2 protein chains.
Amino acid sequence: MSIRIGIAGYGNLGRGVECAVRQNPDMELKAVFTRRDPASVSILTEGVPVYPMDKAAEMENEIDVLILCGGSATDLPVQTPAMAAHFNVVDSFDTHARIPEHFDAVNQAAKASGKVAVISAGWDPGMFSLNRLYANAILPDGKDYTFWGKGVSQGHSDAIRRIEGVQDARQYTIPVEAAVEAVRAGKNPELSTREKHTRLCYVVAKEGADKARIENEIKTMPNYFSDYDTTVHFISQEELDRDHKGLPHGGCVIRSGKTGWNGEHHHVVEYSLKLDSNPEFTSSVIVACARAAARMQQEGQTGCKTMFDIPPAYLSPKSGEELRRTLL
Amino acid sequence: MSIRIGIAGYGNLGRGVECAVRQNPDMELKAVFTRRDPASVSILTEGVPVYPMDKAAEMENEIDVLILCGGSATDLPVQTPAMAAHFNVVDSFDTHARIPEHFDAVNQAAKASGKVAVISAGWDPGMFSLNRLYANAILPDGKDYTFWGKGVSQGHSDAIRRIEGVQDARQYTIPVEAAVEAVRAGKNPELSTREKHTRLCYVVAKEGADKARIENEIKTMPNYFSDYDTTVHFISQEELDRDHKGLPHGGCVIRSGKTGWNGEHHHVVEYSLKLDSNPEFTSSVIVACARAAARMQQEGQTGCKTMFDIPPAYLSPKSGEELRRTLL
């Protein structure tokens, strides 16, 4: 019997979930929920209905896991606890600093409803977090490094677009190769923010805008750019649309640590991702977590979970016997 | 209250476990068991007793997890089920093809005794297997690659030592860099055994031995060398002892896969290890699994488990709350 999936929110992430569900024969898309006019939303899967978001709860008996594809700033803090009252849910809440309070709110709702809610699924938080956890458990005497990119940061691109005179923009985060190599070589460097990443911006200026002022406003923007070596290129809208339309991302998590009676042996553990599409990879992780959520709830578990709590086998459609035979 | 650890078998792996226990403040080494004369075994930790292996069962109330450090060929198939009748146990059984039967035998013993037995802990099987599982669950449409090395293969070194006229030998398995790069670039190559790894042998010949014959016997040895490009260097015992005494190893697991409605986006997931000491890294994984075994049994679980079944958080000494706050 297939796992019946609902999607709440149909942007890049929702569409990615739709594609990932299609790649998993044990899953079936039952409905998409949207805050827009459903008639205006055209999805890829034939025969699957699009409903208003506020009708979701009416389908609680027809959906095994509802996947929440809203944003972390304002959508998920409200939606995830609300929907966990009716469904097993998975979200990709990614505001690291607010995970503890989000966990508590969702846990309360999911405990009360007897559902399982997996939060912060994706790659960071998600697979990167898992790899930090594994490597820390294995090498207690060590140091963690995370590098992001090369990839598009949508938050930074948005920040540039808010500057007066900017028509459009795309920002790439790029790890400093020399820093990554020093870490990989086990040198355990102390790295400042500036030494770890650079920022590369492609900006379309409105006609007549002062490019020197725009460039200066970008480079001095606190939090977003002022702590980084930032490069700004002005290009045309056509160039931006042609060359910078994708949402690639990636990065690596490295732990460098010691073992032995006197710390005489050194080890480097690295997990790295090169992703053509950040939202589609995130969606693919989310969908694997949806499978785990359904199973955990069937076994009688309830409450909020993260990938830290999911036995890895639960993410796979294969049986324990098959996994041991083929992948162990 | 600390987790009380016993070590059964005191070779490279047992000594590695001893070192790893010392790095984990929530653990305490209670005893080492050996098949040798205990008086002949000198361990690193002061004040910890060494007992004959057949006395282990008498300490079942003083040890929370017994770590089995014997070999996979003949020791563990007997020891792990036998000890699982008395203890929570962890082993590093690494004969991939025989894992299903080992699992069944250990599962029966551990179910009967109400203990938890984790088998095949380490890096391959172990962390490499886990990364194959995660990447397969996330990217169902993809291809797996595993490369080993550069590192010492003890099985291959032993095989060379069995050749007439050979006094000592060390064999390194080396991944073919061009193959690794093609996989990392997402080219999904079909690779033969020869195209993936080369073998590099350092051999000490006995006085007067026919080196040409030895080299030929190595290069044509079925299973071990005949399918590989193999290089043989003859060196002195002094050089071998000076330059090739360590047991470094490592490698990488890569999955290359597609997402999107028409498979239009490509992703590469890689997990890689660079290890100064293969037995100490393996031991460090085992010790983290011992923590998980103790917890799972305390929660009422029983039977045989692999790393596929362990919620990652159970490997860490940190609470769920602390893990979410610091590593998610």
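So, here is what we can say about the structure in this document. (Residues numbered from 1 in each chain as written. Chains lettered and ligands numbered in written order. Predicted model: local features only at pLDDT ≥ 70, side-chain atom pairs only at ≥ 80, totals over all residues. Heavy atoms only, no water.)

1. Digging into the packing of aromatic side chains
For the coordinates displayed, the defined rule picks out nine aromatic pairs over all chains. With a centroid separation of 5.2 Å and an interplanar angle of 80°, the aromatic rings of Trp 123 of chain A and Phe 128 of chain A are classed as edge-to-face. Its relative accessible area of 6% is what places Trp 123 of chain A among the buried residues. Owing to a relative accessible area of 0%, Phe 128 of chain A belongs among the buried residues under this scheme. With a centroid separation of 6.1 Å and an interplanar angle of 85°, the aromatic rings of Phe 128 of chain A and Tyr 271 of chain A are classed as edge-to-face. One end of the pair, Phe 128 of chain A, is in helix H4 (residues 127-138); the other, Tyr 271 of chain A, is in strand E13 (residues 265-275), with 143 residues separating them in the sequence. Overall, Tyr 271 of chain A belongs to the buried group, its relative accessible area being 2%. Counting every residue linked through ring pairs, the aromatic cluster contains Trp 123, Phe 128 and Tyr 271 of chain A. Positioned above the aromatic ring of Tyr 228 of chain A is the side chain of Arg 199 of chain A, whose terminal nitrogen or guanidinium carbon lies 4.1 Å from the ring centre. Across from the ring centre of Phe 147 of chain B, 5.6 Å away, lies the NZ or CZ of Lys 196 of chain B, which sits over that ring. (Phe/Tyr/Trp six-rings, centres within 6.5 Å; stacked < 30°, edge-to-face > 60°. Buried < 20%, exposed > 50% of the residue type's maximum accessible area, 1.4 Å probe, protein only. Helix = DSSP H or I, 4+ residues; strand = E, 2+ residues; numbered from the N terminus. Lys NZ or Arg CZ within 6 Å of the ring centre and 35° of its normal.)

2. Things to note about the relation of the copies chain B and chain A
With an RMSD of 0.1 Å, the operation that places chain B on chain A is a rotation of 180° combined with a shift of 0.0 Å along the axis. Each copy turns onto its partner about a two-fold axis. Looking at the interface residues of chain B, 100% of them are also at the interface in chain A, so both copies use one shared face. (Least-squares fit on C-alpha atoms with pLDDT ≥ 70 in both. Contact = heavy atoms within 4.5 Å.)

3. Describing unusual backbone geometry
With an omega dihedral of 5°, the bond running from Asp 124 of chain A to Pro 125 of chain A counts as a cis peptide bond. Within the secondary structure, Pro 125 of chain A is located in the loop between strand E6 (116-118) and H4. Going from Gly 149 of chain B to Lys 150 of chain B, the amide bond is cis rather than trans, its omega being -5°. Position of Lys 150 of chain B relative to the elements: it lies in the loop between strand E7 (142-148) and strand E8 (151-152). Positive phi outside glycine occurs at Asn 223 of chain A, with the angle close to 65°. Examined against the element boundaries, Asn 223 of chain A turns out to sit in the loop between helix H8 (211-219) and strand E11 (229-234).

4. A closer look at the interface of chain B and chain A
Facing the 68 residues of chain B at the interface are 69 residues of chain A. Roughly 6,200 Å² is buried in total at the junction of chain B and chain A, and carbon and sulfur atoms are behind 64% of that figure. For chain B, the biggest contributors to the area lost against chain A are Trp 261, Arg 324 and Leu 328 of chain B; these three give 15% of the whole. Here chain B is connected to chain A by zero salt bridges. (Buried area = accessible area lost by both parts, 1.4 Å probe. Salt bridge = Lys/Arg side-chain N within 4 Å of Asp/Glu carboxyl O.)

5. So, the state of the cysteines
Residues and elements named next belong to chain A. Under the criterion given, the structure shown has zero disulfides over all chains. Cysteine Cys 19 shares no disulfide, and the gap to the nearest cysteine sulfur, in Cys 69, comes to 12 Å. Residue class for Cys 19 comes out buried when judged on its relative accessible area of 4%. (Disulfide = S-S within 2.5 Å.)

6. Considering the pattern of salt bridges
Residue and element names in this part refer to chain A. Going through the model one piece at a time under the given rule, you end up with 36 salt bridges over all chains. One salt bridge connects Asp 158 with Arg 161, and the closest N-O pair in it is separated by 2.6 Å. With a gap of three residues between them, Asp 158 and Arg 161 both fall in helix H5 (residues 154-161), about one helical turn apart. By relative accessible area, Asp 158 is classed as partly exposed at 33%.

7. Brief notes about the environment of Ser 72 of chain B
Residues and elements named next belong to chain B. Its location among the elements puts Ser 72 in the loop between strand E4 (65-68) and helix H2 (75-84). Overall, Ser 72 belongs to the buried group, its relative accessible area being 11%. Between the C-alpha atom of Ser 72 and that of Glu 46, which follows or precedes it by 26 residues, the distance is 29 Å. Residues within four places of Ser 72 in sequence aside, it is in contact with Pro 77, Ser 92, Phe 93, Asp 94 and Thr 95. Reaching out from Ser 72, the side chain makes a polar contact with the side chain of Asp 94 at a distance of 2.8 Å. (Polar contact = N/O pair within 3.5 Å; in protein donor to acceptor, adjacent residues only side chain to side chain.)

8. Re the pairing of strand E10 (residues 197-205) of chain B
All names here are of chain B. For E10, the buried fraction is high: eight of the nine residues fall into the buried class. Pairing analysis gives nine bridges linking strand E9 (residues 166-175) to E10, with the strands arranged antiparallel. Bridging from a neighbouring strand, Pro 175 pairs with His 197 of E10. Across six bridges, E10 lies against strand E11 (residues 229-234) in parallel orientation. (Pairing = 2+ DSSP bridges.)

9. Details of the pairing of strand E13 (residues 265-275) of chain B
Burial of E13 of chain B is extensive: nine of the 11 residues sit out of reach of the surface. As paired strands, E13 of chain A and E13 of chain B are joined by nine bridges and run antiparallel to one another. If you follow Val 268 of chain A over to E13 of chain B, its bridge partner there is Lys 274 of chain B. Sheet topology note: the strand E12 (residues 249-259) of chain B/E13 of chain B ladder contains 11 bridges and is antiparallel. By the bridge assignment, Thr 259 of chain B is partnered in E13 of chain B with His 265 of chain B. Joining the antiparallel neighbours E12 of chain B and E13 of chain B is a turn of five residues, in which Gly 260 of chain B adopts a positive phi near 105°.

10. With respect to the sheet that holds E13 of chain B
With antiparallel pairing, six strands are arranged side by side in an open sheet as E7(A)-E12(A)-E13(A)-E13(B)-E12(B)-E7(B). Edge positions in the open sheet fall to strand E7 (142-148) of chain A together with E7 of chain B, since each of these has one partner strand only. The average angle at which neighbouring strand axes cross in this sheet is 10°, direction not considered. Running over the sheet, H4 of chain A touches E7, strand E12 (249-259) and E13 of chain A together with E13 of chain B and is turned about 5° from E12 of chain A. Helix H6 (residues 177-184) of chain B rests against E13 of chain A together with E7, E12 and E13 of chain B of the sheet, and its axis sits at about 30° to E12 of chain B. (Axes fitted to C-alpha atoms, helices over the stretch in contact; angles between N-to-C directions.)

11. Quick notes on the packing of H4 of chain A against helix H4 (residues 127-138) of chain B
Between H4 of chain A and H4 of chain B, the shortest axis-to-axis distance is 13 Å and the interhelical angle comes to 170°. When the axis of H4 of chain A is compared with that of H4 of chain B, the two are roughly antiparallel. From H4 of chain A, Met 127, Leu 130, Asn 131, Tyr 134 and Ile 138 of chain A reach across to H4 of chain B, where they touch Met 127, Leu 130, Asn 131, Tyr 134 and Ile 138 of chain B. In terms of residue class, the contact of H4 of chain A with H4 of chain B is built from eight nonpolar, two polar and no charged. (Parallel < 35°, antiparallel > 145°, perpendicular 65-115°, else oblique. Nonpolar A, V, L, I, M, F, W, Y, C, P; charged D, E, K, R; others polar.)

12. Structural notes on the packing of helix H1 (residues 12-22) of chain A against helix H10 (residues 278-298) of chain A
Residue and element names in this part refer to chain A. It is the contact of H1 with H10, at a shortest axis distance of 8 Å, that shows an interaxial angle of 55°. Classified by the angle between their axes, H1 and H10 sit oblique to one another. The two elements H1 and H10 cross, and the hand of that crossing is right-handed. Mapping the contact onto sequence places Asn 12, Leu 13, Gly 16, Val 17, Ala 20 and Val 21 in H1 and Pro 279, Glu 280, Thr 282, Ser 283, Ser 284, Ile 286 and Val 287 in H10. Classifying every residue of the contact of H1 with H10 gives seven nonpolar, five polar and one charged. (Left-handed = near helix turned anticlockwise from the far one by under 90°.)

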